[in-house]
Amino acid sequence: MFPTRIEIIPSDGIVEKVQAAVPLSTTLTVTCLPHHGIARTMEASVRLSLLGYSVIPHLSARGMENQAQLSGILRDCEAAGISEVFAIGGDGPLGAGPYRSSLGLLADIAEYTGGSITAGIAGYPEGHPSVSGLDLLDALLAKQQLATHVVTQMCFSAPKILDYAALLRREGVELPVWAGVAGAVPRTKLLALATQIGVGTSLKFLSNKGTLARKLLGPDKYSPETLVSELMAQPDGVSGIHLYSFNRLDMPIWERNDLPDPEASEAATA
């Protein structure tokens, strides 16, 4: 099996849905959306952790009202047995809070917890709509002493993910890289989300693959198995899979040791 973490959205009823479908051995990450806020993320994270799951809540720098709020969140994490968070800048506008990016947030997490709570950070294999590639790299270099790993933005191209991981290593970012992969979701929902978050380049990559693209982005839903099998074929490339589930909680096929051979898949679609 390839190490896999499943990202969930803290919508109504998600804790019960996870309990019914996801084994306790699965690590969960709980996203933080601007219209939900951090409170909902933390509520779901604490409940799931107390049920026995390993849980990683997302903390949005721009969504943090003040340092007292962060301190309280970290106390709640420690009380619930949560030892890792995921620090992001956040998509909301700059507000009156103390954090403009995740760098300051990371520094305060380290200071307030003395290292007892670690943090992951985000990476962008296809760039960011509002930040230059050089600035993104500089930010990772600045953050890496305060972080434990990088999780990539959703990407649909194994070569792009692997090239990105290799680029980080060449440029001095030594953190393990987890590949952000979309789960099996309806095609229309996936395309809408991909357009919003700026991952069009790898969708174009798929569109150039002919029959393979039709298989992956067919009329029903996208399926990530071929992408994951290509990543697994390069074991030195990434450390694991961060699965964007969109709350579709069927356990991924690679967790059942039943992935297709990537070369066989290419041959079959040639």
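Our structure is the block above this text.
Residues numbered from 1 in each chain as written. Predicted model: local features only at pLDDT ≥ 70, side-chain atom pairs only at ≥ 80, totals over all residues. Heavy atoms only, no water.

1. Here's the deal with the packing of helix α2 (residues 38-50) against helix α3 (residues 67-80)
Move 1: With their axes 9 Å apart at the nearest point, α2 and α3 run at an angle of 15° to one another. When the axis of α2 is compared with that of α3, the two are roughly parallel. Taken as a pair, α2 and α3 cross one another with a handedness that is left-handed. Side by side, α2 and α3 meet where Ile38, Met42, Val46, Ser49 and Leu50 of the first sit next to Ile73, Asp76, Cys77 and Ala80 of the second.
Move 2: Residue classes in the contact of α2 with α3 are distributed as 7 nonpolar, 1 polar and 1 charged. (Axes fitted to C-alpha atoms, helices over the stretch in contact; angles between N-to-C directions. Helix = DSSP H or I, 4+ residues; strand = E, 2+ residues; numbered from the N terminus. Parallel < 35°, antiparallel > 145°, perpendicular 65-115°, else oblique. Left-handed = near helix turned anticlockwise from the far one by under 90°. Contact = heavy atoms within 4.5 Å. Nonpolar A, V, L, I, M, F, W, Y, C, P; charged D, E, K, R; others polar.)

2. Considerations on helix α1 (residues 14-21)
Move 1: Among the residues of α1, Ile14, Val15 and Val18 are the ones counted as buried. Down the axis of α1, the buried set is contained in an arc of 100°. They therefore lie on one face.
Move 2: Against β1 (4-8), β2 (27-30) and α2 lie the buried residues of α1. (Buried < 20%, exposed > 50% of the residue type's maximum accessible area, 1.4 Å probe, protein only. Arc of directions from axis to C-beta.)

3. A few points about the pairing of strand β3 (residues 54-60)
In summary, the side chains of a regular strand alternate between the two faces of the sheet.
Move 1: The buried fraction of β3 is high, at 6 of 7 residues.
Move 2: When β2 meets β3, the two strands line up parallel, connected through 4 bridges. Along β3, the bridge assignment pairs Thr27 with Ser54.
Move 3: In this region the chain leaves β2, passes through α2 and returns to the parallel neighbour β3; the handedness of that crossover is right-handed.
Move 4: Here β3 runs beside strand β4 (residues 84-88); their pairing, made up of 3 bridges, is parallel. Paired with Ser60 across the two strands is Ile88, which belongs to β4. (Pairing = 2+ DSSP bridges. Right-handed = clockwise from strand over helix to strand, strands pointing away.)

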